[in-house]
Amino acid sequence: MSEYKTALEEEKKYLERVTEFLEEQIQGCGIDIKGQRKNLVDIRREMYTEGSRYTDEMDRMAELNQYITMEAVESSQYKHKLETLKKYEKMIDKPYFGRFDFAEEGEEKESIYVGYHNIMNDDTYEVLAYDWRAPIASVFYRSELGPAKYIAPYGEIEGEVSLKRQYEIKKGELEYFFDCSLTITDELLQQALGKNTSSKMKNIVETIQKEQDQIIRDRENDLLIVQGVAGSGKTSIAMHRVAFLLYDRLESGLTHNQIMILSPNHLFGEYISNVLPELGEEDVAHFTVEDIFEKYFGNHLRIRNRNSQMEYIIGSKHRQKVRETIAFKGSKAYIELLDRLVDYCETHMIKFTDIYYDKEIVVDKDTLKKDFLDNAINMSIVKRLNRIERIILEKIKPLEKEKRKEVLEEIEASGAYAFEEERRCKEVLNEFRQEVFNQLNRFIRVNIFFVYKRMFTDEKLFNQLAKGLDMPYNAFQMMRYSLRALRPECIPYEDGVALLYLKLKIEGTNLYQGIRQVVIDEAQDYYPIHYKVFGELFKGVQYTVLGDVCQTIEKEASHTIYDDAIELLNPKRALKLELNKSYRSSYEINQLAMNLREDQKACIAIERHEEAPLMQKANNEEDLNEKIVNQVKAYKAAGLESIAILCKTKGEVHEAYEALKDQLELSILSSDDTILEKGILIMPIYMAKGLEYDGVVVYDANAERYKEAFDKQLLYIATTRALHRLSFIYKGQISPFLEEAIKKGSIDKA
Ligand SMILES: Nc1ncnc2c1ncn2[C@@H]1O[C@H](COP(=O)(O)OP(=O)(O)OP(=O)(O)O)[C@@H](O)[C@H]1O
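What counts and what doesn't
- Residues numbered from 1 in each chain as written.
- Predicted model: local features only at pLDDT ≥ 70, side-chain atom pairs only at ≥ 80, totals over all residues.
- Helix = DSSP H or I, 4+ residues; strand = E, 2+ residues; numbered from the N terminus.
- Buried ≥ 20, exposed ≤ 12 C-beta atoms within 10 Å, placed from the backbone.
- Domains from an automatic or database assignment.
- UniProt positions renumbered as here; feature names shortened; annotations may be inferred.
- Contact = placed C-beta atoms within 7 Å.
- Core = buried A, V, L, I, M, F, W, Y, C linked by C-beta atoms within 7 Å.
- Pairing = 2+ DSSP bridges.
- Axes fitted to C-alpha atoms, helices over the stretch in contact; angles between N-to-C directions.
- Parallel < 35°, antiparallel > 145°, perpendicular 65-115°, else oblique.
- Left-handed = near helix turned anticlockwise from the far one by under 90°.
- Near = placed C-beta within 6 Å.
- Nonpolar A, V, L, I, M, F, W, Y, C, P; charged D, E, K, R; others polar.
- Expected span 1.5 Å × (residues − 1).
- pLDDT = per-residue confidence, 0-100.

(A) Spotlight on the overall build of the protein chain. Summing up its helical and strand segments, the protein chain has 28 helices and 24 strands in all. Over its C-alpha atoms, taken along the principal directions, the protein chain stretches across nearly 115 × 80 × 55 Å. Taken across its 750 residues, the protein chain has 38% of its residues classed as buried.

(B) Geometry of the domain arrangement of the protein chain. The assigned domain composition of the protein chain is domain 1 (3–91), domain 2 (207–350 + 487–579), domain 3 (352–445) and domain 4 (587–749). For domain 3 versus domain 4, the distance between C-alpha centres works out to 68 Å.

(C) Broad picture of the UniProt feature "binding site: ATP" (unreviewed entry) in the protein chain. Here the UniProt-annotated "binding site: ATP" (unreviewed entry) positions come out as G228, V229, A230, G231, S232, G233, K234 and T235. On the basis of neighbour counts, which here come to 25 C-beta atoms within 10 Å, the residue A230 falls in the buried class. Setting aside residues no more than four positions away along its own chain, A230 makes contact with D548, Q551, S582, R584, A593 and T720. Residue position: S232 is located in the loop between β8 (223–228) and α6 (234–247).

(D) Spatial organisation of the nonpolar core. Counting residues in each nonpolar core, the largest one holds 173 residues, and the members touching the most others are V114, V242 and L646. Among residues more than four places away in sequence, those in contact with V242 are I259, L276, V284 and V519.

(E) Quick peek at the pairing of strand β19 (residues 642–647). Within β19, six of the six residues are buried, which leaves the element mostly enclosed by the surrounding structure. Along β19, one buried face is formed by S642, A644 and L646 and the opposite face, lined by I643, I645 and C647, is buried too. Pairing analysis gives four bridges linking β19 to strand β22 (residues 693–699), with the strands arranged parallel. Bridge pairing in β22 links A644 to V696.

(F) Focus on the sheet that holds β19. Strand order in the open sheet formed by six strands is β18-β23-β22-β19-β21-β20, and the pairing between neighbours is parallel. In the strand order of this sheet, the two ends are held by β18 (614–618) and β20 (666–668), each with one partner. Within this sheet the neighbouring strands show an average axis-to-axis angle of 25°, counted without direction.

(G) Local environment of the packing of helix α23 (residues 587–596) against helix α27 (residues 709–719). Two elements in contact, α23 and α27, have axes separated by 9 Å at closest approach and are oriented at 160°. As judged from the angle between their axes, α23 and α27 are roughly antiparallel. In the crossing of α23 with α27, the sense of the turn from one axis to the other is left-handed. On the side of α23, the interface is formed by I589, L592, A593 and L596, while α27 contributes K712, L715, Y716 and T719.

(H) Local environment of the site of the ligand. Close to the ligand lie 25 residues; T207, G233, K234, T235 and S236 are nearest. Those elements giving two or more residues to the shell around the ligand turn out to be α4 (186–194) and α6. Partitioning the shell around the ligand into residue classes produces seven nonpolar, 13 polar and five charged.

(I) Examining helix α1 (residues 3–53) more closely. Between the first and last C-alpha of α1 there are 74 Å, a value that for 51 residues agrees with the 75 Å anticipated at 1.5 Å per step. Three or more residues of α1 are buried, namely V18, L22 and Q25. The inward-facing, buried residues of α1 contact α2 (57–91), β3 (119–120) and β4 (127–131).

(J) Focus on the environment of E421. Within the secondary structure layout, E421 lies in helix α16 (residues 418–444). Taking the number of C-beta atoms within 10 Å as the measure of exposure, E421 has 15 and is therefore partly exposed.

(K) Spatial organisation of the packing of helix α10 (residues 289–297) against helix α20 (residues 493–507). Here α10 crosses α20 at 45°, and the two axes come no closer than 10 Å. Between α10 and α20, the interaxial angle falls into the category oblique. With respect to the hand of their crossing, α10 and α20 are arranged in left-handed fashion. On α20, the residues touching V289, I292, F293 and Y296 of α10 are G496, V497, L500 and K503. Partitioning the contact of α10 with α20 into residue classes produces six nonpolar, one polar and one charged.

(L) Region of interest: the sheet that holds β8. Spatially, the six strands line up as an open sheet ordered β10-β9-β13-β14-β8-β15, and their pairing is parallel. Each having just a single partner strand, β10 (285–287) and β15 (574–579) make up the two edges of the open sheet. Mean inter-strand twist for the sheet, computed between neighbouring axes without regard to direction, equals 15°. Inspection of the sheet shows strand β13 (residues 517–520) paired to strand β14 (residues 542–547) by four bridges, in the parallel sense. The partner of V518 across the bridge, within β14, is Y543. Sheet contacts for helix α22 (residues 560–569): β8, β14 and β15; angle to β8, the most-contacted strand, approximately 170°.

(M) α6, seen in detail. Taking 1.5 Å per residue, 14 residues should reach 20 Å; α6 reaches 20 Å between its end C-alpha atoms and fits that length. Of all 14 residues in α6, 14 are buried; the element is thus mostly enclosed.

(N) Structural context of the environment of M58. As for its placement among the helices and strands, M58 is situated in helix α2. Judged by C-beta crowding, with 8 C-beta atoms within 10 Å, M58 ranks as exposed. Along the chain, M58 and Y512 lie 454 residues apart, while their C-alpha atoms are 37 Å from each other.

(O) How the structure looks around unusual backbone geometry. Positioned with a positive phi, D358 is a non-glycine residue whose angle comes to about 45°. Following the sequence through the fold, D358 ends up in the loop between β11 (355–357) and β12 (360–363). A tally of 17 C-beta atoms within 10 Å means that D358 is categorised as partly exposed. In the Ramachandran plot, K359 falls in the positive-phi region, its phi being about 70° despite a non-glycine side chain. With respect to the helices and strands, K359 occurs in the loop between β11 and β12.

(P) Layout of the confidence of the model for the protein chain. Summing up the model confidence of the protein chain, the mean pLDDT is 88 and the portion of residues at 70 or higher is 95%. Both scores are given for the predicted complex: the pTM is 0.88, the ipTM 0.99.

Here you go:
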C-alpha cells in the first residue's frame with residue numbers, strides 16, 4: 001500500500017472515531033435537553049402553585065425568589081446544552097479541516113486537529129479537535145514545518161511542527177487530504193476563491209492567511225489599524241477577530257453585547273450579518289453614524305444619510321466646492337472651532353436671570369452664573385444646568401411650605417368649603433411653581449441646533465472663534481453657502497456629525513458605557529471629527545479600525561486619517577498594519593485595479609487566472625443597452641450567479657433600469673433599506689463599496705463621465721467588486737483612466 005493510502009486509512013479511522021463520539025454526544029445532549037425542559041416546566045408549575053399558597057406577601061416573595069434562582073440556573077444550563085447540540089450537529093459533517101503534529105519541547109509529539117469548535121471528551125479530557133481560535137491552533141495558521149511557538153494563557157510554548165495536513169471532508173466523508181510545508185496552501189485557497197460569491201459574506205476559517213491571523217488574534221493593542229487594498233480580507237478579518245475575542249469570554253468576560261461594529265450603511269451591515277452566527281456566535285450590533293445620531297436626537301433633528309451625501313457630491317456642478325466644505329467640516333480645525341463654540345456657549349450663551357418665588361428672590365443671576373462656571377469636577381454644561389435646577393427646586397421647598405400656610409389662611413378667610421380648601425391651595429401653589437419653571441426654562445435648556453447655527457449666521461462670532469486656526473481662507477463663506485441646507489428635518493450628513501459632537505460635548509453621555517470593543521470598517525470614509533465623536537461615545541474601549549485610503553470617494557487618498565485616528569483616540573498602545581495581498585478578484589481584474597490605484601503601493605495578486613476585463617465600445621445609447629444585456633446574459637450562461645451593473649449616480653441607475661428592465665430580470669438597489677439578494681442588481685458604485693459580485697458591468701464608462709481624479713477612485717471601487725468577470729461598456733471615448741491603466745505593466749503575483 002502506498003504511503004498516502006496507509007495515511008488515508010488512518011485518517012478515515014480517526015474521522016470515524018470523532019464522528020462516533022459526536023453522534024454519542026448529540027444523542028446524550030438530546031436526552032439531557034428533554035430532561036432539562038421537563039425540569040423547567042416542573043419548576044415553573046411549582047412556582048405558580050407554591051406561590052399562590054401564601055397569603056403573606058413577604059413569605060410569598062421569599063418562596064418565589066428561591067424558584068426564580070432555580071429557574072435561572074436551569075434555563076442557562078438548558079440554553080448551554082441547546083447551543084452545544086447545535087454546534088455538534090453542525091460539526092458532524094466536517095468535524096475538523098486541518099491537522100498539525102506538534103512536539104512541545106521535551107514532550108511527545110501530538111496530533112492537533114483544528115476545526116470550527118472544540119470537541120473534547122469530558123471524561124478523559126482528550127481533545128479530539130481544537131477550536132480554530134484556541135491558542136494552540138495559531139500554529140496551524142502561522143507556522144511552517146520546523147520550530148514553532150504559540151502563546152498559551154500560561155506563557156509562550158515552543159516546539160517543533162513535523163506535519164501539516166489539510167482535509168476535504170464532505171458530509172462526514174473524508175474525500176482527500178494533502179500535506180503542506182507552508183502555511184495554508186494555495187490549493188484550498190484557490191478552491192475557496194474560485195467559487196461564486198453569495199449575497200451574504202461567508203467565513204474564511206479554513207484558509208485564514210498568516211498575516212490575517214496576526215490581526216485576528218492581536219490582544220496587545222488598544223487601537224489596531226489595518227490599511228489593506230480592496231479584497232485583502234479586512235472585513236472578513238474584522239468579523240473573525242470579533243469571533244476570536246468572544247471565544248475567550250471566560251477569561252476576558254467579553255460578551256456579544258459589549259461589542260459594536262460601525263458599518264458604513266445598513267446594506268453592508270446586512271451583508272456581514274451571517275458570519276458570526278456561522279461561526280457559532282451571536283451576531284453583534286451593527287450601527288451606522290446615522291443610527292447613533294438618531295439615538296441622540298430622536299425625532300427632533302433628522303440627518304441625511306451618507307449615501308445622499310455621496311449622491312450630492314457626485315451630482316453637484318460645484319463638486320470641488322462641496323468636497324472642500326465637507327472636508328472642512330470634518331477637519332481638526334473644525335473640531336477646535338466646535339470646542340471653542342462650546343466654551344462660548346458656556347460663558348456667553350446661557351442667559352441666567354434672577355429667580356423669584358412669588359416676588360421673593362430665591363437666587364440672583366450672578367450667583368447662578370458663578371455656581372455654574374465653578375466646574376471643579378468637569379461636568380458637562382447640561383449636567384451643571386440640571387444640577388442648578390435641582391438646587392433651586394430644593395430652595396423653594398421651605399418657601400412653598402410658608403406659602404401654603406398663607407394661602408390656606410386666605411382660602412379659609414374667603415369662606416370656602418372645607419373639602420375644597422386642599423384642592424384650591426394646590427392649584428395656587430402649582431401656579432407659583434410653574435412660574436419658577438418658566439423662569440428656569442429661559443436658560444436651563446440648551447438648544448444644540450440653535451447654538452450650532454449661530455456659527456453660520458454670526459460672522460463676528462465665527463471670526464472670533466476661528467482666530468489662529470488653520471482653516472480655509474473662505475471658511476465663513478463656506479458656512480454661509482451651506483446655511484440654506486441646514487434644516488432640522490434634513491440635516492446634511494457632515495453637519496449631523498458636527499451636531500452630534502456638539503451634543504456630546506454639551507450634554508455628556510454614558511449611553512455606550514458598557515461597550516468594550518469597537519470595530520470600525522471602511523475607516524477611510526471617516527473624518528477626524530468622526531474619531532472625535534467615537535472618543536466621546538466610547539471610553540476605555542479597544543478599537544479595530546480597517547480601511548483602504550484608495551476607496552474614498554469624497555476626498556483625496558491619504559494615510560493621514562490613520563495618524564489622526566491615533567491622535568484623536570489617544571490609545572495606550574496602537575499598531576498600524578498593511579495588507580497588500582488581494583484575494584477577491586482574479587489576477588487579471590486585480591491587475592487593472594492596481595493600475596487604477598492612486599497610491600503606487602506594491603500589491604500582490606493571488607494567481608487565479610480568468611478572462612481579462614473587457615472594454616466594449618457601443619455606437620449609441622441603444623447599442624450600449626444591447627451590449628450590456630448581452631454581456632449579462634453571457635455571464636449568466638458562464639455560471640455566474642450574482643451580477644452587478646454599476647452606474648455613477650442614482651439618476652443614471654433609474655435611467656438604465658428603465659432601459660434594461662424588459663430584457664433582464666433586474667433588481668434596483670438605490671436605497672439603504674434594500675434587501676440584498678442574488679441575481680442581477682443595478683446600483684450606484686458608492687453603494688457597492690464593501691460588497692462583491694461574481695460579474696460586474698460598468699455602465700457607460702466613457703471619458704465624459706469618468707474624467708476627474710475622483711472618478712478614478714470610483715472606477716477603482718467598481719473594478720474591485722468583481723470576482724470573476726468585469727466589463728466596461730461605453731459610448732464615445734473610453735475613460736482616460738481605464739486607457740492608462742490598461743497600458744500600464746503587470747503586477748506582482750502571489
Ligand atoms: N484567507 C482567505 N481565504 C479565503 N477567502 C478570503 C480570504 N481572505 C479574503 N478572502 C475573500 O476575499 C474577498 C474579500 O474579502 P473582504 O471583503 O473581507 O475584503 P476587504 O479588504 O474588506 O475588501 P474591500 O476593501 O473591497 O471592502 C471575500 O470574498 C473573502 O471571502
